[in-house]
Amino acid sequence: MDFENEALRQKAVIAGLRERFDKEYEKTGRKKTYCCVTFGCQMNARDSEKLSGILEDIGYERVEDEDADFIIYNTCTVRENANQRVYGRLGALKKLKEKRPGMLIALCGCMMQEPQVVEKLRKSYRHVDIIFGTHNIYKLAELIHDRLESGSMIIDLWKDTDKIVEDLPNRRKYPFKSGINIMFGCNNFCSYCIVPYVRGRERSRRPEDIIEEIRADVADGVVEVMLLGQNVNSYGKNLDTPMSFAQLLTEIEKIDGLERIRFMTSHPKDLSDELIEVMSRSKKICRHLHLPLQSGSSRILKQMNRKYTKEDYLLLVDKIKAACPDISLTTDIIVGFPGETEEDFKETLDVVEKVRYDSAYTFIYSKRTGTPAASMTDQIPEDVVKDRFDRLLSMVQEISADVCARHTGQVMDVLVEQINNQDNHLVTGRLSNNTVVHFPGDPSLIGRIVPVYLKECKGFYYIGEAQSIGEEVNG
Ligand code: SAH
Ligand code: SF4
Ligand code: F3S
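Keep in mind that what you see is a predicted model, and the values were worked out from it rather than measured. (Residues numbered from 1 in each chain as written. Chains lettered and ligands numbered in written order. Predicted model: local features only at pLDDT ≥ 70, side-chain atom pairs only at ≥ 80, totals over all residues. Heavy atoms only, no water.)

Further remarks concern the site of ligand 2. Close contacts around ligand 2 come from Cys186, Asn188, Phe189, Cys190, Tyr192, Cys193, Val195, Pro196, Gln230, His267 and Arg306, and that covers them all. Tallied by class, the residues present in the shell around ligand 2 amount to seven nonpolar, three polar and one charged. (Near = heavy atom within 4 Å. Nonpolar A, V, L, I, M, F, W, Y, C, P; charged D, E, K, R; others polar.)

Here it is in structure tokens:
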């Protein structure tokens, strides 16, 4: 397939549907609505912006509730509970659809890349109209067109792809910050993880495409970007002209008007000295590194196929802290991986105590069909896992409250993101290190970077006061 022209082809389909929808609108005087529900990680959130862009170009208007003409669930399957939520909500949609003729239900995302899921949907969820996967989201308009023409369930799934379709519609969720895919897929095959099976092989976007997208976003008001990939540290290895992630960052840093650069996720095995060096020099790269640990036991890490040991990880953390003393570290930890003993678990607690994370996402191991870990004997009983999980969580929370408070009394820059959910006299934003700050302010501050006096830390967030530049701070 000619992927250069694929975007053009899809645009033609979008234009055709738009015409059809405009005509209907002339008759009915009512715009069709869509609701996009996103599960899972930031990759999915970014994909949902692309899906929303296509739907809005067709002529659908966004609504937040599910009483809409078009509903799309962008699904996640990283842990079993994510799947259960989708089945539960789909059941409820059946009744809604009966009351609303013409309503279309589409499912896409990681869960759809699992054949047994699609089989179950095909058999028991006949009210679903369109099913597609992670490799062909750019085809949404064509799939809607096919569904309207054929009147029957459309299923379009690709096992993998080696191509990237650029230049498609897009609706950013925030005017001032954006997520930018720098690569797709994953080649690491951590033994517990389903992502490589549902997202396919690792593919890096060309640096010029990435830079062009960021420049366009910045021209449109964006001040902060989040560079997205399952393992950003292996960016660029398979490009025609190979380039390291650190080199990419150096190029992105040059973009005028861009104030903050974030990225995730960093796999510890590929984090280079070059990257640490670039981070330590940078004025724009945020003082935050998400560095998933998964387990503190070298034995379990080997079983997980993570390719580093406890000692490698701690050494890396020391290097990073030495180069960027004010950095915030966050992590992901899995509890209850097959064969995890109390001693292994204590190694995890030991790393948590030594590194002192700003926050840690803790997960109970979930068995994923088709992964090597699913067929390991020695799965851990639920009560043992639950006990370890609770112990880990309380240690993480205790340390995190202490670590987050370290900037109390300082003035630091906050990018204001929104009006506070609970109190509309306050605005909410983030420090460079990603910590949340609430302070008195008004909507005119949204999207701006404001110096804020960090008055009090309440566990994982601050209450602050805006400082006009040059103002003296006492305390
Ligand atoms: N690419 C990222 C992780 C993406 S998945 C990385 O390697 O760091 C996000 C997190 O989900 C993982 O870091 C892991 O902690 C968790 N996770 C993945 N598979 C899981 C499973 N089977 N059970 C429990 N947690 C899992
Ligand atoms: Fe999953 Fe490992 Fe790839 Fe992360 S690096 S997505 S945990 S296989
Ligand atoms: Fe979930 Fe897919 Fe992300 S499985 S965590 S949405 S890559």
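The discussion continues.
Strand order in the open sheet formed by six strands is S2-S1-S3-S4-S5-S6, and the pairing between neighbours is parallel. At either end of the open sheet lies a strand with only one pairing partner, and these are strand S2 (61-62) and strand S6 (154-156). Direction of pairing for strand S3 (residues 70-75) relative to strand S4 (residues 104-109): parallel, over a ladder of six bridges. The residue of S4 that forms the bridge with Phe70 is Leu104. (Pairing = 2+ DSSP bridges. Helix = DSSP H or I, 4+ residues; strand = E, 2+ residues; numbered from the N terminus.)

Time to look at helix H4 (residues 115-124). Since there are 3.6 residues in each turn of an α-helix, residues three or four apart along the chain are aligned in direction. When we look at burial in H4, the residues that qualify are Val117, Val118 and Leu121. All buried residues of H4 project into a common sector of 95° when viewed along the axis, lining one side. For H4, the exposed residues lying more than 90 degrees away from the buried face are Pro115, Lys123 and Ser124. As for H4, its buried residues are in contact with helix H3 (80-99), S4, strand S5 (130-132) and S6. (Buried < 20%, exposed > 50% of the residue type's maximum accessible area, 1.4 Å probe, protein only. Arc of directions from axis to C-beta. Contact = heavy atoms within 4.5 Å.)

Bringing the pairing of strand S19 (residues 461-466) into the picture now. Relative to S19, strand S17 (residues 436-440) is paired through three bridges, and the arrangement is parallel. By the bridge assignment for S19, Val437 is matched with Tyr462. As defined by bridge partners, strand S18 (residues 449-458) adjoins S19 across six bridges and the pair is classed as antiparallel. The residue of S19 that forms the bridge with Lys458 is Tyr461. Hairpin connection, S18 to S19: the antiparallel pair is bridged by two residues, and Gly459 has positive phi, about 80°.

Right, let's get into unusual backbone geometry. Leaving glycine out, the prevailing phi sign among residues is negative, and the prevailing peptide bond configuration is trans. In this chain, Met264 is followed by Thr265 through a cis amide linkage whose omega measures 5°. For Thr265, the position within the fold is in the loop between strand S11 (260-264) and helix H9 (273-281). Here the phi dihedral of Phe189 falls at roughly 50°; this positive angle occurs in a residue that is not glycine. Locating Phe189 in the fold gives a position in the loop between strand S8 (183-184) and helix H6 (195-199).

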